[in-house]
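For reference, the chains in residue letters:
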Amino acid sequence: METLSSNASFGGTQHVIRHASSACSCDMTFGLFLPEEAKDGPVPLLWFLSGLTCTHENAMVKAGAQAWAAEQSIALVFPDTSPRGEGVANDDAFDLGQGAGFYVNATQDPWKPHYQMWRYIAEELPELLGRNFPLDMERQAISGHSMGGHGALTLAMSLPKRFRSVSAFAPIAHSTASEWGHKQFTAYLGKNESDWAPHDATLLMQERGFDGPVLVDQGTDDQFLDLLMPESLSAAMAKRRQNGVFRMQPGYDHSYFFIATFMEEHVNFHADALWSA
């Protein structure tokens, strides 16, 4: 590991760290905020997965999460959204390739050698974090935005007992039925649609739900509503009687202004679950 930067932030420290990833076969970079209390012992961890075109930096800089995490004595990790670098496959489109890993393990060429983002987020990065930093890995929660909201929801529902709570901002809610999903899954996973289902938040909610509380916020003025399909996830949550809240926020769009507005509520929502006995 190489620490690229460390900055004081709300009494704690915001680090940016690069490491060699065996899952993605390239160097990966992530942001890690440690609150002041981490100096005295392990603290809970909240993951934030970002959306299309983002790096580790977008949410780390724009979401304002550190202030609320410091208040709740919670660490934050901001992973990158895809493998990057020379020799890593890419595409001219903004929604495929670098910056668009979709949190899946690619099985198709040319993506397969590097695009193993599910394994990276679910296995490699948690192991690295738990081994090297004062984090209580028995107390984890996860959140994300757009493509990252899709990743947060699918990871949480697919890894029972890993996360105590899950939230999402404007998630890609029904990826197998949307162009944001159909296109990428065909490229990364192949044409067999049965291989796509484990990465669809609506289908997972219908099939198994989440064993903890869920919070989803969606702006009514989001320019990508037709691609996100929030009504599908909302209906699935209601039918399952999922322990959760789905909120349509009037006037908000898909931007980080939306995320920053409700970040305090999301961090406090996770803190309730993370600090419970």
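Just above sits the structure.
A few points on the structure. Just so it is clear, the structure is predicted and the values come from calculations on it, not from any experiment.

**Points about the overall build of the protein chain**
Thinking step 1. The helix and strand inventory of the protein chain stands at 9 helices and 9 strands.
Thinking step 2. Relative to a compact globule of 277 residues, whose C-alpha radius of gyration would be 19 Å, the protein chain shows 17 Å and is just as compact.
Thinking step 3. Expressed as lengths along the three principal axes of its C-alpha atoms, the size of the protein chain is roughly 50 × 45 × 35 Å.
Thinking step 4. Intrachain contacts of the protein chain at a sequence separation of at least 6 include 72% that bridge at least 24 residues.
Thinking step 5. For the protein chain, the computed accessible surface area is about 11,200 Å², with 49% contributed by carbon and sulfur atoms.

**Observations concerning helix 2 (residues 65-72)**
Thinking step 1. Within the span of helix 2, buried status applies to Ala65, Gln66, Ala67, Ala69 and Ala70.
Thinking step 2. The inward-facing, buried residues of helix 2 abut strand 1 (2-9), strand 2 (12-21), strand 3 (26-34), helix 1 (57-62), strand 5 (75-79) and helix 9 (256-274).
Thinking step 3. Residue Ser73 follows helix 2 closely and has a positive phi angle near 60°.

**Regarding helix 5 (residues 179-189)**
Thinking step 1. Within helix 5 the residues assigned to the buried category are Trp180, Gly181, Gln184, Phe185, Ala187, Tyr188 and Leu189. Down the axis, helix 5 shows its buried residues gathered within 165° of arc, on one side only.
Thinking step 2. Summarising the contacts, the buried residues of helix 5 are in contact with helix 4 (147-158) and helix 7 (225-228).
Thinking step 3. For helix 5, the side-chain oxygen to backbone nitrogen distance between the N-cap and Trp180 is 3.0 Å, and the N-cap itself is Ser178.
Thinking step 4. The first or second residue beyond helix 5 is Gly190, which carries a positive phi of 100°.

**Considering the state of the cysteines**
Thinking step 1. Counted according to the given criterion, the structure contains 0 disulfides.
Thinking step 2. A disulfide-free cysteine, Cys24 has its sulfur positioned 5.3 Å from the sulfur of Cys26, the nearest such atom.

**What to know about the side chain of Asp217**
Thinking step 1. With respect to the helices and strands, the residue Asp217 is situated in strand 8 (residues 214-219).
Thinking step 2. Within the local environment of Asp217, its side chain forms a polar contact with the side chain of Arg247, the two groups lying 2.7 Å apart.
Thinking step 3. At 2.9 Å, the side chain of Asp217 and the side chain of Gln249 are in polar contact.
Thinking step 4. Setting aside anything within four residues of it in sequence, one finds Asp217 in contact with Ala168, Phe169, Ala170, Pro171, Arg247, Gln249, Phe258, Phe262 and His266.

**Some remarks on the pairing of strand 3**
Each regular strand shows side chains that alternate between the opposite faces of the sheet.
Thinking step 1. Most of strand 3 sits out of view: 8 of its 9 residues are buried.
Thinking step 2. Pairing geometry for strand 2 and strand 3, over 9 bridges, is antiparallel. Looking at the pairing, Ile17 lines up with Phe30 of strand 3.
Thinking step 3. Hairpin remark: strand 2 followed by strand 3, antiparallel, with 4 residues in the connecting loop; positive phi at Ser25, about 55°.

**Structural notes on the packing of aromatic side chains**
Thinking step 1. Under the criterion given, the structure shown has 12 aromatic pairs.
Thinking step 2. Judged by centre distance (5.9 Å) and plane angle (85°), the rings of Phe169 and Phe258 are edge-to-face. Residue Phe169 is located in strand 7 (residues 166-169), and its partner Phe258 is located in helix 9; the two are separated by 89 residues in the primary sequence.
Thinking step 3. In this structure Phe169 comes out as buried when scored by relative accessible area, which is 0%.

What counts and how
- Residues numbered from 1 in each chain as written.
- Predicted model: local features only at pLDDT ≥ 70, side-chain atom pairs only at ≥ 80, totals over all residues.
- Heavy atoms only, no water.
- Helix = DSSP H or I, 4+ residues; strand = E, 2+ residues; numbered from the N terminus.
- Rg over C-alpha atoms; globule rule 2.2 N^0.38 Å.
- Contact = heavy atoms within 4.5 Å.
- Areas by Shrake-Rupley, 256 points an atom, 1.4 Å probe, with all protein chains shown as cover.
- Buried < 20%, exposed > 50% of the residue type's maximum accessible area, 1.4 Å probe, protein only.
- Arc of directions from axis to C-beta.
- Polar contact = N/O pair within 3.5 Å; in protein donor to acceptor, adjacent residues only side chain to side chain.
- Disulfide = S-S within 2.5 Å.
- Pairing = 2+ DSSP bridges.
- Phe/Tyr/Trp six-rings, centres within 6.5 Å; stacked < 30°, edge-to-face > 60°.

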